[in-house]
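# Observations on chain architecture
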Amino acid sequence: MQNNYIKDIQTLEEYSSMLCDDELINHFGCISTPKKNALFPIKVSDKKILLLPAPEFSSLLYRGENNSERKICKPSLMRKISNDERLIHILKKQEFLSAIQTHSLIKIFRNKYFLENYPQLPNYKLKIDYEAIAQHYEFKTNHLDLTREKSIAMFFMTCKYDDKLKRYFPISDKYKKGVLYTYDFKLGIIKGEHSINPIGFQPFSRPDKQKAFSVIFNKDVDFNDFNFVKREEFKLRKEFCEYYYDMFEGGDKLFPKDEISELAYEIQNSNYISKDAVECYSQISQIPKELILKTLINNNVKLTDNKYSFNIHNMELCNKNLENIINDLDYRISPRGVSKIKSQIS
C-alpha cells in the first residue's frame, strides 16, 4: 500500500509552490542538483509520473520566434488553414500516432517502472504524451511549444529552417527582429488560467533534448493576450544568431536524427491516408466516415489499406540503445528529498 512508504512524489500543484526566481536554491531553502540534464519526477495520477527537466526551481518557460512581424502567437493547428487542410493534418498525425504504438520503445516504456532505485517511494510508470511527441516531430496540434531553457528558445528565435535543404541556418539580418516570450508557469498553475502541459522526458528524444513544455489551446486565442506572458524583441545580428546556431550545432543537438523523424517526414509528405487512420479518427471525433472520405477525395488524397509500423532489423542495436537510455535515466532521475540508499533520507 502506498501509505507504507516514507515519502511520495509531489503533484504539479504541490511542485508549483517550490518554484521561484532562483534555479538552485528556493525560498524554502531547498537545494537542487546542479546537473543540467537532471529529471525531476512529478505525479500526474496514482500510477504515473512525468520526468521534468532542470532547472528544478525555475518558474519560467520560454518560446522563441524568428519573425517579429507575426503579431499573433497560436499553435500550428489554429493558424490560418482551411478546414480541409486541418482535417488532413489531423489524419496524418493519427497515422503517426498509430505507427509509433508499434515501436519497441513505446512497448517497453509503457510497462516500465521508473523509481525502482528509491524504496522510500511508491513506484510509478511514465505518462507517455503521444500528442506532445507528435508536436515535436512537426505534426500540427493545438499545443504551443515552450521550453525550460532560455538558450533553446533563443536558438529558435535566431535560426530559420530551410524546407528544401532540411536544416537550420542562422538568420543574420540586423534589419530583422525576433521575439522571445517568457511565461511564468508558476502563476499559470496557481491561478489555473491556462492548460499547462509539462512534457519532459519521453521515449523518443526530441522532447527531452528541447526540455519541453507546452500550453494546450482549447479555444482560438492569442498567447500574447495571456496573463503572465512577457514579449521582447531582439535584433537578429550576425554574431548574435551564429552564437546560438553554434551552441546547438545547427540544431543537431535539439533534433537528433532517428527512425521516428524519418517516419514523420514520410507521413507528412505522403499523399495517402490509411483506412485505419480514417476509421480511428472517425470514432474519436464522431465525424462520419463518409464526410472524411469526401474531404480526402476533394483534396486528391488517396485511401490505402497499408499502414505504417516498425520492424526491428537489428535487435542487438535496439537492445544496446535501450540499455543506454535506461542507464542514462538512472543517473538523471532526481526525486526530491530521497536518495537511492534505503537508509538515507535527505
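Residues numbered from 1 in each chain as written. Predicted model: local features only at pLDDT ≥ 70, side-chain atom pairs only at ≥ 80, totals over all residues. Heavy atoms only, no water.

### Quick word on the overall build of the protein
For clarity, the cut-off: Labels follow the DSSP assignment, with helices taken as runs of H or I lasting at least four residues and strands as runs of E lasting at least two, numbered in each case from the N terminus. Note that the radius of gyration is over C-alpha atoms, with the globule rule given as 2.2 Å times the number of residues to the power 0.38. Here the term buried applies to any residue with accessible area under 20% of the maximum for its type, exposed to any over 50%, and partly exposed to those in between, with areas from a 1.4 Å probe on protein chains only. Residue contacts follow a heavy-atom distance rule, with two residues in contact if any of their heavy atoms lie within 4.5 Å. Method for areas: the Shrake-Rupley scheme with a 1.4 Å probe, in which residue coverage is limited to the protein chains shown. The positive count covers Lys and Arg only, the negative count covers Asp and Glu only, and His and the chain ends enter neither. Charge coordinates come from a single atom per side chain, which is NZ of Lys, CZ of Arg, CG of Asp or CD of Glu.
The helix and strand tally for the protein stands at 12 helices and 13 strands. Taken against the 2.2 N^0.38 rule, which gives 20 Å for 346 residues, the C-alpha radius of gyration of the protein at 21 Å falls within 12% of a compact globule. The principal-axis extents of the C-alpha atoms in the protein amount to approximately 65 × 50 × 40 Å. By residue count, 48% of the 346 residues in the protein fall in the buried class. Taking the intrachain contacts of the protein between residues at least 6 apart in sequence as the baseline, contacts between residues at least 24 apart amount to 77%. With the model as given, the accessible surface of the protein reaches about 18,300 Å², and the carbon-plus-sulfur share is 49%. Charge centroids of the protein, computed over 53 positive and 47 negative side chains, lie 1 Å from each other.

### Brief notes about the pattern of salt bridges
Using the following cut-off: Between Lys or Arg on one side and Asp or Glu on the other, a salt bridge is scored when a side-chain nitrogen of the former is within 4 Å of a carboxyl oxygen of the latter.
The tally for this structure, following the rule as stated, stands at 17 salt bridges. Put simply, Asp 220 and Lys 74 hold a salt bridge, and the shortest N to O gap is 2.7 Å. With Asp 220 in the loop between β10 (212-216) and β11 (229-236) and Lys 74 in the loop between β3 (60-65) and α2 (83-100), the pair connects residues that are 146 residues apart, well separated along the chain. The buried category is assigned to Lys 74, whose relative accessible area is 16%. Between Glu 233 and Lys 177 there is a salt bridge; the shortest N-O distance is 4.0 Å.

### Digging into the sheet that holds strand β2 (residues 48-53)
As a reminder, the rule being used: A pair of strands is treated as paired once DSSP finds two or more bridges between them.
If you walk across this open sheet you meet the 3 strands as β1-β2-β4, and the pairing is mixed. Both outer strands of the open sheet, β1 (39-43) and β4 (125-126), are each paired with one neighbouring strand and no more. Where β1 meets β2, 5 bridges bridge the pair, whose relative direction is antiparallel. Bridge pairing links Ile 42 to Leu 50 in β2.

### A word on the packing of α2 against helix α10 (residues 275-285)
Rules: Axis definition: a line fitted to C-alpha atoms, limited for helices to the stretch in contact. Angles are taken between N-to-C directions and run from 0 to 180 degrees. Here the angle decides the label: under 35 degrees means roughly parallel, over 145 means roughly antiparallel, 65 to 115 means roughly perpendicular, and every other value means oblique. Should the near helix be turned counterclockwise from the far one by less than a right angle, the crossing is left-handed, whereas a clockwise turn marks it as right-handed.
α10 packs onto α2 with a crossing angle of 110° between their chain directions and a minimal axis gap of 9 Å. Between α2 and α10, the angle falls in the class roughly perpendicular. The two elements α2 and α10 meet at a crossing, and its hand is right-handed. Residue-level inspection shows Leu 87, Ile 90, Leu 91, Gln 94 and Glu 95 of α2 in contact with α10, the latter providing Ala 277, Val 278, Cys 280, Tyr 281 and Ile 284.

### Thoughts on a positive patch on the surface
Filter applied, for reference: The patch calculation keeps residues exceeding 30% relative accessible area without a salt bridge and links them within 9 Å when they carry like charges or within 5 Å when they are nonpolar (Val, Leu, Ile, Met, Phe, Trp, Tyr).
Together, Lys 47, Lys 48, Lys 107, Arg 110 and Lys 127 make up a positively charged patch on the protein surface. Looking at the secondary structure, you find Lys 48 in strand β2. Residue classification places Lys 48 among the partly exposed residues on the basis of a relative accessible area of 37%.

### Brief notes about the confidence of the model for the protein
In plain terms, the rule: As a per-residue quantity, pLDDT reports the predictor's confidence and falls between 0 and 100.
Looking at the protein, pLDDT values average 90 and 95% of them are 70 or higher. When pLDDT is averaged over each helix and strand of the protein, the minimum, 85, is found for helix α12 (residues 315-332) and the maximum, 98, for helix α5 (residues 150-158). Low confidence marks residues 342-346, where pLDDT is under 50. Its contacts with residues over four positions away, or in another chain, come to 10 contacts.

### Some details on the packing of α10 against helix α11 (residues 289-298)
Remark: α10 packs on α11, axes separated minimally by 9 Å, with the N-to-C direction vectors making an angle of 130°. With respect to each other, α10 and α11 are oriented oblique. For the element pair α10 and α11, the recorded crossing hand is right-handed. Touching Val 278, Glu 279, Tyr 281 and Ser 282 of α10 are Lys 289, Ile 292, Leu 293 and Leu 296, all from α11.

### Some details on the nonpolar core
Defined as follows: Here, nonpolar core means buried Ala, Val, Leu, Ile, Met, Phe, Trp, Tyr and Cys residues that are tied together by side-chain atoms lying within 4.5 Å of each other.
Within the largest apolar cluster, 34 residues are counted, with the highest numbers of intra-cluster contacts made by Leu 51, Phe 96, Ile 100, Phe 109 and Leu 329. Where this core is concerned, the elements lending two or more residues are β2, α2, α3 (104-111), α4 (130-136), α9 (259-268) and α12. Apart from residues lying up to four places away in sequence, Phe 109 is in contact with Phe 114, Ile 128, Phe 201, Pro 203, Leu 322, Ile 325, Ile 326 and Leu 329. Ranked by size, the runner-up nonpolar core spans 22 residues in total, among them Leu 52, Leu 146, Tyr 183 and Val 229.

### Things to note about the packing of aromatic side chains
The line we're drawing: Stacked, tilted and edge-to-face are the three classes assigned to paired rings of Phe, Tyr and Trp, where Trp is represented by its six-membered ring and a pair needs centres within 6.5 Å; plane angles under 30 degrees give stacked, over 60 edge-to-face, the rest tilted. Here, a charge over a ring means that NZ of Lys or CZ of Arg falls within 6 Å of the ring centre while also lying within 35 degrees of the ring normal.
Evaluated as defined, the whole model comprises 19 aromatic pairs. On the numbers, 5.3 Å between centres and 20° between planes, the contact of Phe 217 with Phe 226 is stacked. The buried category is assigned to Phe 226, whose relative accessible area is 14%. By the ring-pair criterion, three or more aromatic residues cluster together here, those being Phe 155, Phe 156, Tyr 161, Tyr 168, Phe 248 and Phe 255. The aromatic ring of Tyr 331 is capped on one face by Lys 35, whose charged end is 4.2 Å from the ring centroid.

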